[in-house]
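Structure at a glance
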Amino acid sequence: MNRSTRIWTLRAVCVATMVAAGFVTMSPAQAAIPQVVVSGRCATGSETTNFVVVENQRNTSVTGTLTGEPGSVPAGSVTVPAHTTKEFPLAKSFGIGRVTVGTDFDIALLASCVNPVSTTSSSTSSTTPGATTTTTTSTTVVGATTTSSSSTTTTTTTIPPAGPKQARPLVVRGDTWYLRNSQTSGNADTSFIYGNPTGDTPITGDWDGNGSVTPGVVRGSTWYLRNANSSGAADVSFIFGNPGDTPIVGDWDGNGTFTPGVVRNSTFYLRNSNTQGAADISFIYGNPTDIPVVGDWDSSKTTTPGIVRNGVWYIRNSNTQGTADSNFSYGNSGDKALAADWDGNDSVTPGVVRGNTWYMRNSNTSGVADVTFNYGNATDKQLTWRP
């Protein structure tokens, strides 16, 4: 059998088990139901996608949902009539396609295709940020039985400055985290499973002070923090706040480590260590209906409060009660407010997500977005990370 046409395989393991590659497959109970078979098919000939294949051997139709890695499987409903096989396109050469058919199946597929769509290789004469470089790119297209190369082109591009401190986009869908390495539209570069699909509030922070922003979840009033962007158990867990509080994270004392905080009505409760205990700092800021945001607005290395009210941001440069040090309009009422250091200059500035479009601004002023891109789905939970 040609490598580009072989069928993907599924391994029956517990859905709750996290495998090293970050994928989940059928549970034994699900695998015992033979009437619906979910598999995959690699692209052949002139086809430009791989496929998730659902074979319904039942006497009645099955209906479910189809979701996947951002840019991978188009989200949508799955309806397969009785005794029918249907294929659904997978938009990446390699990726996750999760099919939930009724309550019987929740299956993630890992493509074993050998790059059936295309591969791109590049050689660059300079990698200095901001420098003008000459890049030579060649694309190889793999068909059903043959491999052919397209023409080689040489283009001159400018590499934008990008430093290790620059925030990167992340979305959480259920219990799967999808990380992208740049503020551009595209597919996830990394994905892993962490936390529970429902009930958890995902958060990110530099929990151990090593400069890397990694995942955490808040479940009720218990915080579970992990020091790596990978599946696995929590490195630290503790209780802080009450169920129903809004969790926030930041470096409240400027020591380089992110620690917990909660907002209850309009009172901020901040703690300076990732341990159980009472708040080290508390103060009132904003109104109970405001959206809390936090950031190092003035590059002081200390995270301080802000609130968003009907598209107006009110930011304060100390962890004390008082009026805003600065205010500006950015975004619309109903946008998801997301503050981060978008350009890596040590200053946190505003961003909003509207649907699945991200609008980032590099100064704490009113104005248009400096960077926009599409990533994830509108129903995802949007966060940022840093390697």
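Reference entry: report on the structure contained in this document.

Reading the values: the criteria
- Residues numbered from 1 in each chain as written.
- Predicted model: local features only at pLDDT ≥ 70, side-chain atom pairs only at ≥ 80, totals over all residues.
- Heavy atoms only, no water.
- Helix = DSSP H or I, 4+ residues; strand = E, 2+ residues; numbered from the N terminus.
- Polar contact = N/O pair within 3.5 Å; in protein donor to acceptor, adjacent residues only side chain to side chain.
- Salt bridge = Lys/Arg side-chain N within 4 Å of Asp/Glu carboxyl O.
- Buried < 20%, exposed > 50% of the residue type's maximum accessible area, 1.4 Å probe, protein only.
- Phe/Tyr/Trp six-rings, centres within 6.5 Å; stacked < 30°, edge-to-face > 60°.
- Pairing = 2+ DSSP bridges.

What to know about the environment of Asp175
Here Asp175 is to be found in the loop between strand S12 (168-173) and strand S13 (176-179). Along the primary structure Asp175 and Ile193 are separated by 18 residues, whereas in three dimensions their C-alpha atoms are 5.5 Å apart. In this structure the side chain of Asp175 is engaged in a polar contact, spanning 3.4 Å, whose partner is the side chain of Thr176.

A look at the pattern of salt bridges
Enumeration over the complete set of coordinates arrives at 7 salt bridges. The salt bridge partner of Asp200 is Arg219, with a shortest N-O separation of 2.6 Å. In this pair, Asp200 sits in the loop between strand S14 (190-193) and strand S15 (201-205) while Arg219 sits in strand S16 (residues 214-219), placing the two residues 19 residues apart along the sequence. Taking the shortest distance from any N to any O, the salt bridge between Arg264 and Asp245 comes out at 2.8 Å. Pair noted here: Arg264 is in strand S20 (residues 259-264) and Asp245 is in the loop between strand S18 (236-239) and strand S19 (246-250), with a separation of 19 residues, a long-range link. Residue class for Arg264 comes out partly exposed when judged on its relative accessible area of 28%. Looking at Asp245, the relative accessible area reads 14%, which means it is buried.

What about the packing of aromatic side chains?
In the structure shown here, the tally under the stated rule is 8 aromatic pairs. Pairing Trp177 with Phe192 gives two aromatic rings, centres 6.0 Å apart and planes at 10 degrees, and the pair type is stacked. With Trp177 in strand S13 and Phe192 in strand S14, this residue pair connects regions lying 15 residues apart in the sequence. A relative accessible area of 2% means that Phe192 is categorised as buried.

Structural notes on the sheet that holds strand S29 (residues 357-360)
Taking strand neighbours across the sheet as the criterion, the 4 strands line up as S27-S28-S29-S30 in an open arrangement whose pairing is antiparallel. Of all the strands in the sheet, just strand S27 (336-337) and strand S30 (371-374) have a single pairing partner and so form its edges. Alignment of S27 against strand S28 (residues 351-354), held across 2 bridges, turns out to be antiparallel. Directly across from Lys336, in S28, lies its bridge partner Val353.

Here we look at the pairing of S29
Looking down a regular strand, the side chains alternate between one sheet face and the other. As paired elements, S28 and S29 share 4 bridges and run antiparallel to each other. Counterpart to Arg354 in the pairing with S29 is Thr357. The loop that links S28 with its antiparallel partner S29 comprises 2 residues; one of these, Gly355, has a positive phi angle of about 70 degrees.

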